[in-house]
Amino acid sequence: MDHPSFQHTAHRPWPLPSEPWVGRQTWNDLLFLHWPVSAEALRPRVPVELQVQEFQGTAWVSVTPFWMSDVSVRNLPAVPGISTFPELNVRTYVNRDDRPGVWFFSLDADNFLAVRAARAVYHLPYMDAQMSVSQKDDGIHYVSQRSSGVKFEAEYEPTGPVAPAVPGTPEHWLTERYCLYARSGSGTLYRAEIHHEPWPLQPARVRIIHSDMLAVHGLEVQGPPVHVQYSRRLEVAIWPPARVVR
């Protein structure tokens with residue numbers, strides 16, 4: 001069975017992997033919140049094998065709230081009760097072997113099984129959190145809190161029409177990425193490929209009520225996010241992690 005996104009591949013910066021894809025997800029009501037930071041501040045927090053990427057002379061960090069649905073293994077139906085849950089990511093942008101991707105500082109999720117599976121299989125720093133996503137007027141009210149007290153709460157909504165990001169713009173550079181990197185407990189670096197259609201982005205407004213998500217990683221930013229984009233829905237295909245050869 002092919003993934004529906006495979007009908008659109010011309011936008012990819014490199015070809016689809018030749019290996020079989022193994023999983024699928026749908027990302028819903030996703031908000032990109034981006035702040036500029038210095039590459040020097042990120043360098044100690046990113047594996048030395050990865051280049052900390054910069055756009056317009058600066059590196060960037062993002063807090064990304066959304067909720068996932070249809071989380072399942074290829075060719076198997078989604079299981080009610082465990083295939084839909086919120087997720088909240090803190091990430092930056094890196095490169096290795098001319099494959100720009102994402103490095104995650106943390107991924108919070110309200111799904112016990114998914115957290116443990118992603119830690120074990122993808123070596124990602126997933127955290128348990130109590131989370132809720134609800135409609136409020138024309139937008140989203142999003143809350144995430146770990147047992148440690150680390151919390152994120154925001155209200156957000158789209159403010160304009162849907163349009164793919166234009167190559168060469170910050171929005172395109174920050175969002176159109178087709179792999180993630182992770183390090184295992186033994187120190188091995190992995191890359192996992194993903195695929196989806198071009199992001200259907202919309203301009204958005206956000207009111208951040210509370211956020212510890214950057215400070216908990218020792219990341220300091222000034223003021224509100226510089227770039228704020230929203231995406232209603234995106235279907236994603238996922239490949240297994242592969243070891244990055246030094």
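Conventions used here
Residues numbered from 1 in each chain as written. Predicted model: local features only at pLDDT ≥ 70, side-chain atom pairs only at ≥ 80, totals over all residues. Heavy atoms only, no water. Helix = DSSP H or I, 4+ residues; strand = E, 2+ residues; numbered from the N terminus. Polar contact = N/O pair within 3.5 Å; in protein donor to acceptor, adjacent residues only side chain to side chain. Patch = residues over 30% accessible without salt bridge, like charges linked within 9 Å, V, L, I, M, F, W, Y side chains within 5 Å. Areas by Shrake-Rupley, 256 points an atom, 1.4 Å probe, with all protein chains shown as cover. Salt bridge = Lys/Arg side-chain N within 4 Å of Asp/Glu carboxyl O. Buried < 20%, exposed > 50% of the residue type's maximum accessible area, 1.4 Å probe, protein only. Arc of directions from axis to C-beta. Contact = heavy atoms within 4.5 Å. Core = buried A, V, L, I, M, F, W, Y, C linked by side-chain atoms within 4.5 Å.

A.B. asks: Is there a simple way to explain the side chain of Thr-92 in this structure?
C.D. replies: Relative to the helices and strands, Thr-92 is located in strand β4 (residues 85–95). At 2.6 Å, the side chain of Thr-92 and the backbone oxygen of Trp-60 are in polar contact.

A.B. asks: For this particular structure, what's the right way to read a nonpolar patch on the surface?
C.D. replies: A grouping of Val-79, Ile-82, Phe-112 and Leu-113 is seen on the molecular surface, where their side chains present a nonpolar patch of about 390 Å² in accessible area. One can find Phe-112 in helix α2 (residues 112–122). The exposed category is assigned to Phe-112, whose relative accessible area is 54%.

A.B. asks: Just checking my understanding: could you explain α2 for this structure?
C.D. replies: An α-helix turns once every 3.6 residues. As a result, residues three or four positions apart point the same way. When α2 is considered as a whole, its buried residues turn out to be Ala-114, Val-115, Ala-118 and Tyr-122. Each buried residue of α2 lies within a common arc of 105° when the element is viewed along its axis, so the set occupies one face. Projecting away from the buried face of α2 at angles above 90 degrees are the exposed residues Phe-112, Leu-113 and Ala-120. Packed against the buried residues of α2 are β4, β5 (101–109), β6 (126–128), β10 (179–183), β11 (189–195) and β13 (227–238). Two or three places before Leu-113, at the opening of α2, Asn-111 has a side-chain oxygen 3.2 Å from that residue's backbone nitrogen. Just beyond α2, the residue with positive phi is His-123, at close to 60°.

A.B. asks: Before we go on, may I ask you to explain the nonpolar core in this structure?
C.D. replies: In a soluble, globular protein the nonpolar side chains are often hidden away together inside. The biggest cluster of nonpolar side chains holds 37 residues, and the ones touching the most others in it are Leu-42, Val-61, Val-63, Trp-103 and Phe-152. It is strand β1 (residues 23–37) that provides the largest number of residues to this core, a total of four residues. Those residues in contact with Trp-103, other than ones at most four positions away along the chain, are Arg-45, Val-46, Pro-47, Leu-50, Val-90, Arg-91, Thr-92, Val-94, Tyr-181, Ala-182, Arg-183 and Leu-189.

A.B. asks: Could you clarify how one ought to interpret the pattern of salt bridges in this entry?
C.D. replies: Any two side chains of opposite charge can pair, given that their charged atoms come close. Counted by the stated rule, this structure contains 14 salt bridges. When the shortest N-O distance is used, the salt bridge between Arg-99 and Glu-193 registers 2.5 Å. Linking Arg-99 in the loop between β4 and β5 with Glu-193 in strand β11, this pair joins segments that are 94 residues apart in sequence. Of the residues examined, Glu-193 reaches a relative accessible area of 9% and is grouped as buried. Between Arg-116 and Asp-128 there is a salt bridge, and its shortest N-O distance comes to 2.7 Å. Taken together, the positions of Arg-116 in helix α2 and Asp-128 in strand β6 put the pair 12 residues apart, joining distant regions of the chain.

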